[in-house]
Amino acid sequence: MKKVVSILLVLSLVFSLSACSGGDKDSSSSEPAASSPSDEKIVIRVGTATELDSHYALGAQEFEKKVEEYTDGKVDVQIFPSGQLGNERDMIEGLSLGTLEMVVSSTGPLPNFSKDFQVFDLPFLITDREKAYEVMDGEIGQQILATLEPLGIKALGFWENGFRNVSNNKQEIVTPDDIAGKKIRTMENPIHISTFQQLKAIPTPMAWSEVFTALQQGTIDGQENPLVVFNSNKLYEAQKYLSLTGHVYSPAVMLISQSAFDSYPKEVQDAIVKAEKEARTWEREYCIKMDNELVDTIKSYGVTVTEVDKSLWQEACQPVYDQYADEINQDYVNALKGN
Ligand code: EAX
């Protein structure tokens, strides 16, 4: 009798244990609960140097929404704005090392990784966004993005930073003569530095995260960035004058660590690729909307905004093309050149 009771006890113990391990699985399923790896969420961190309400971070939020929708919440995208994970160059290096998953960055630091990106730094090369989008999303753009692959970086697509304008605290800048002698912060990028040397300014390269404080302390007189960056980083609190030079059209890029991407299941990879394309379109449209609205907004903060004769600036910057002609693929230049 005792033997029968002990067998019944063991059987009831076995059945009660298997019912508990079913978790949220269908109770009728005969399959045991999946092992933890396929159940665990995939966390993807996206870093930006710009603020949470900037074009990059807002575009990254669109990406986040889409990826989490397409993967039924299997992926958890976490956005780290304002340089929390380092400046753009450091974060890009993190992708290569596999210590960070994703970045949205300007192309400014990229010539340090691939010279092919230098074409985007030529002053007044790109004057027509739609034409630039077509080239960047086409064969030439994909060819340029692919030059990052040997570094373990998968470039998902070109986003937009925008047409860069000069701001400063010394005087209204109208002609190139007015910028002479001004300490202007530039990105740590050779063609940007050469351009402001050519304009007889004093280019002062530094990481974006140091700029606001340097402007407040007067260690630099000015900087140059698109309206959307000027506004989202509240530069109107530290700059009196803004000149609409539009001297460089600056693309951005959404990048992912190749090692991270390769570690994801195919359906997650497909979701990332699809979501980036949709977020790219959203971000570009947002930048155009901001360019149309922000001049009046910035004026309302008390900043003197000046229209300039861009042909004078373009002529003054022209020698930079000759200086870098042998470093830059002329096919890229001819494809991107505005009319
Ligand atoms: O990417 O460093 C710069 O001026 C960039 O345009 C800015 O961080 C947005």
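Rules and cut-offs
Here the residue numbering is sequential within each chain, running from 1 through the sequence in written order. In view of the model being predicted, local features appear only for residues whose pLDDT reaches at least 70, and side-chain atom pairs are presented and counted only at 80 or more, with totals across whole chains, interfaces and linings using the full set of residues. In computing side-chain properties, one takes all heavy atoms of the structure into account and sets aside hydrogens as well as water. Helix numbers and strand numbers start at the N terminus; a helix is a DSSP run of H or I with at least 4 residues, a strand a run of E with at least 2. Here's how the labels work: a residue is buried when its accessible area is under 20% of the maximum for its type, exposed when over 50%, partly exposed in between, all with a 1.4 Å probe on protein chains only. In what follows, a contact means two residues having at least one pair of non-hydrogen atoms within 4.5 Å. Residue exposure ignores everything except the shown protein chains as possible cover, and the areas themselves are Shrake-Rupley values with a 1.4 Å probe. Axis definition: a line fitted to C-alpha atoms, over the contacting stretch in the case of helices. Angles run 0 to 180 degrees between N-to-C directions. Throughout, a crossing is termed right-handed when the near helix is turned clockwise from the far one, and left-handed when it is turned anticlockwise from it by less than a right angle. Here, the term nonpolar core denotes a set of buried Ala, Val, Leu, Ile, Met, Phe, Trp, Tyr and Cys residues that are joined through side-chain atoms within 4.5 Å. Summary of the distance rule: residues count as near a molecule or strand when at least one heavy atom falls within 4 Å of that molecule or strand. The definition of a polar contact used here is a pair of N or O atoms within 3.5 Å, where within protein one atom must be able to donate a hydrogen and the other to accept one, and adjacent residues in sequence count solely through side-chain atom pairs. Lys, Arg, Asp and Glu make up the charged group, whereas Ala, Val, Leu, Ile, Met, Phe, Trp, Tyr, Cys and Pro make up the nonpolar group; the residues left over, Gly among them, are polar. DSSP calls a pair of strands paired once it identifies at least 2 bridges connecting them. Directions pointing from the helix axis toward each C-beta atom define the arc. In this scheme Phe, Tyr and Trp rings, the latter by its six-membered ring, pair at centre separations within 6.5 Å, and the angle between planes marks the pair as stacked below 30 degrees, edge-to-face above 60, and tilted otherwise. We count a charge as sitting over a ring when the NZ of a lysine or the CZ of an arginine lies within 6 Å of the ring centre and within 35 degrees of the ring normal. Each angle is binned into one of four classes, with values under 35 degrees roughly parallel, values over 145 roughly antiparallel, values of 65 to 115 roughly perpendicular, and all other values oblique.

Colleague: Talk me through the overall build of the chain; I want residue IDs and the actual numbers.
Modeller: A count of helical and extended segments in the chain gives 15 helices and nine strands. A burial count over the chain gives 50% of its 339 residues as buried. Summarising the internal contacts of the chain: among those between residues at least 6 apart in sequence, 75% fall at separations of at least 24. Only carbon and sulfur atoms are counted for the fraction: they give 52% of the accessible area of the chain, which is about 15,700 Å².

Colleague: Now, about the packing of helix α3 (residues 55-70) against helix α12 (residues 266-300): what can you tell me, with residues and values included?
Modeller: Contact pair α3 / α12: the axes reach a minimum separation of 8 Å and the direction vectors enclose 145°. When the axes of α3 and α12 are compared, the crossing they make is right-handed. Only Ala-271, Ile-272, Lys-274, Ala-275, Glu-276, Glu-278, Ala-279, Trp-282, Glu-283, Tyr-286 and Cys-287 of α12 make contact with α3, whose side of the interface consists of His-55, Tyr-56, Leu-58, Gly-59, Glu-62, Phe-63, Lys-66, Val-67 and Tyr-70.

Colleague: I'd like a description of the nonpolar core, backed by residues and values.
Modeller: Judged by nonpolar contacts, the single largest core of 35 residues is most densely connected at Phe-117, Val-119, Phe-120 and Leu-255. Those elements giving two or more residues to this core turn out to be α4 (88-97), α5 (129-137), α6 (139-146), β4 (153-168), β8 (241-257), α14 (319-324) and α15 (330-336). With residues near it in sequence (within four places) discarded, Leu-255 still touches Ile-92, Leu-95, Glu-101, Met-102, Val-103, Leu-110, Leu-148, Ile-153, Lys-154 and Ala-155.

Colleague: Which residues make up the site of the ligand, and what values go with them?
Modeller: Near the ligand you find Thr-50, Tyr-56, Glu-88, Ser-106, Asn-161, Arg-164, Arg-185, Met-187, Trp-208 and Asn-225, and these make up its full shell. Asn-161 is positioned such that a nitrogen or oxygen atom in its side chain is 2.9 Å from an oxygen atom of the ligand. Contact between the ligand and Arg-164: an oxygen atom at 2.9 Å from a side-chain N or O atom of the residue. Here the ligand, which alone exposes 260 Å², has 98% of that area covered by the protein. A class-by-class count of the residues in the shell around the ligand yields three nonpolar, four polar and three charged.

Colleague: Describe the pairing of strand β7 (residues 222-225), and please don't skip the residues or the numbers.
Modeller: Every second residue of β7 is oriented toward a common face, with Gly-222 and Glu-224 on one face and Gln-223 and Asn-225 on the other, all of them buried. When β4 meets β7, the two strands line up antiparallel, connected through four bridges. Across the sheet, the residue bridging to Asn-168 is Gly-222, located in β7.

Colleague: Run through α4, naming residues and quoting values.
Modeller: For α4, the set of buried residues is Glu-88, Met-91, Ile-92, Gly-94 and Leu-95. Down the axis of α4, the smallest arc covering the buried residues is 150°, so these residues share one side. Contacts from the buried residues of α4 go to β1 (42-48), α3, β3 (102-106), β4 and β8. Two or three places before Arg-89, at the start of α4, stands the capping residue Asn-87, its side-chain oxygen 3.1 Å from that residue's backbone nitrogen. Of the residues trailing α4, Gly-98 is marked for its positive phi of about 80°.

Colleague: Hey, could you go over the packing of aromatic side chains for me, with residue numbers and the actual values?
Modeller: Across all of its chains, the model carries five aromatic pairs by this definition. For the ring pair Tyr-236 and Tyr-301, a centre distance of 3.8 Å and an interplane angle of 25° mean the geometry is stacked. Here Tyr-236, found in the loop between α10 (227-232) and β8, pairs with Tyr-301, found in the loop between α12 and β9 (304-307); they are 65 residues apart in sequence, far enough to count as distant. Overall, the relative accessible area of 17% leaves Tyr-236 in the buried class. The residue whose ring lies beneath Lys-154 is Phe-261, and the NZ or CZ to ring-centre distance is 5.0 Å. In this arrangement the basic side chain of Arg-284 is found over the ring face of Tyr-133, its NZ or CZ atom lying 4.3 Å from the centre.

Colleague: Report on the packing of α5 against α6, specifying residues and quantitative values.
Modeller: Direction vectors running N to C along α5 and α6 enclose 60°, while the axes themselves pass 4 Å from each other. Classified by the angle their axes make, α5 and α6 are oblique. Contact with α5, carried on its side by Val-135, Met-136 and Asp-137, involves Ile-140, Gly-141 and Gln-142 of α6 and no other residues of that element. Looking at side-chain class alone, the contact of α5 with α6 contains three nonpolar, two polar and one charged residues.

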